[in-house]
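# Working through the structure, step by step
Take a look at the letters that make up each chain.
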Amino acid sequence: MLFLLFQIGQDHYALDTRQVAVVLPLVKLKQMPATAPWVAGVFTYRGQSVPVIDLSQLATGKPSRQRLSTRIVLVHYPAPGPDSRLLGLVLEKASEIMRRAPSEFRDSGLDHGAAPYLGPVTDDARGLIQSVQVQDLLPPEVRAQLFPSVEA
């Protein structure tokens, strides 16, 4: 399997590339008042409004740094029924791919109750790399706010 690597602070994380629709440079986002502070905004991609969350701000409370390697990664966010919706993720240093077998990941040994999107870990020269589970990124109230037609 292929994984897109990125960083939050000094730590490394991985997204299964099967969940990735496209990797884009940073674009100007329309702010969304009265949303969670880690909801970065919304933009139009190929005629569709796409909500964007800042994964660094979700995880640490600190927004992603504006670097050349900071990207908006559009992922297939699962919706009830047969369809998925696009969700944008602001990710720092999202410019490298890693190949790993699923068996190379193991449980982190921690309870991630407050961050259910954190998945198993694997080792490499960079240290521990933790997978991120796209389907677990949004709590129900934020999912309902970002994808209202899905929740109706």
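Data block above holds the structure.
### Remarks on the overall build of the protein chain
Assigned secondary structure in the protein chain consists of 3 helices and 9 strands. Counting from the amino terminus, helix and strand elements in the protein chain follow one another as β-β-β-β-β-α-β-β-β-β-α-α. Compactness check: the protein chain gives a C-alpha radius of gyration of 15 Å against a globular reference of 15 Å for 152 residues, within 12% of the reference. Each principal axis of the C-alpha atoms in the protein chain carries an extent, and together these give about 40 × 35 × 25 Å. The buried share of the protein chain, taken over its 152 residues, is 46%. A separation of at least 24 residues holds for 55% of the contacts in the protein chain among residues at least 6 apart in sequence.

### Things to note about the layout of surface pockets
Over the atoms a probe the size of a water molecule is rolled, and this reveals where empty space is left. When its volume is computed, the largest pocket comes out at roughly 170 Å³. Taken together, 14 residues line the largest pocket, and the ones lying closest to its centre are His12, Val121, Leu128, Ile129 and Gln130. Where the lining of the largest pocket is concerned, the elements lending two or more residues are β2 (11-16) and β9 (127-132). Considered class by class, the residues forming the lining of the largest pocket number 5 nonpolar, 5 polar and 4 charged.

### Re the nonpolar core
Residues Phe6, Leu15, Ile53, Leu55, Leu87, Leu137 and Leu138 are the most contacted members of the largest nonpolar core, which totals 29 residues. Elements represented by at least two residues in this core include exactly β1 (2-8), β2, α1 (55-60), β6 (71-78), β7 (84-99) and α2 (140-146). Take this core: its biggest share by element is 4 residues, from β7. The next biggest cluster of nonpolar side chains, apart from the first, holds 11 residues, and it includes Leu24, Ala40, Val52 and Leu86.

Criteria and cut-off values
Residue numbers here run from 1 along each chain, matching the order of that chain's written sequence. Per-residue local features are limited, in this predicted model, to residues with pLDDT of at least 70; the limit for side-chain atom pairs, both in listing and counting, is 80 or more; totals at the level of whole chains, interfaces and linings are taken over all residues. For side-chain calculations, the full set of non-hydrogen atoms in the structure is used, while hydrogens and water are omitted. Only DSSP runs of H or I with at least four residues qualify as helices, and only runs of E with at least two residues qualify as strands; both kinds are numbered from the N terminus onward. We compute the radius of gyration from the C-alpha atoms alone; for a globule the expected value is 2.2 Å times N to the 0.38, where N is the number of residues. Using a 1.4 Å probe on the protein chains alone, a residue whose accessible area is under 20% of its type maximum counts as buried, one over 50% counts as exposed, and one in between counts as partly exposed. Throughout, a contact is declared for two residues whenever any of their heavy atoms are within 4.5 Å. Cavities and pockets are found on a 1 Å grid laid over the protein atoms alone: a cavity is a set of points where a 1.4 Å probe fits but cannot escape, a pocket is an open set with protein on both sides within 12 Å along at least five of seven lines, and a lining residue has an atom within 4 Å of such a point. Grid points are joined across faces, edges and corners, and a volume is the space filled by probe spheres set on the points. Only Asp, Glu, Lys and Arg are considered charged, only Ala, Val, Leu, Ile, Met, Phe, Trp, Tyr, Cys and Pro nonpolar, and every remaining residue, Gly among them, polar. Among the buried residues, those of types Ala, Val, Leu, Ile, Met, Phe, Trp, Tyr and Cys that are joined through side-chain atoms within 4.5 Å form a nonpolar core.

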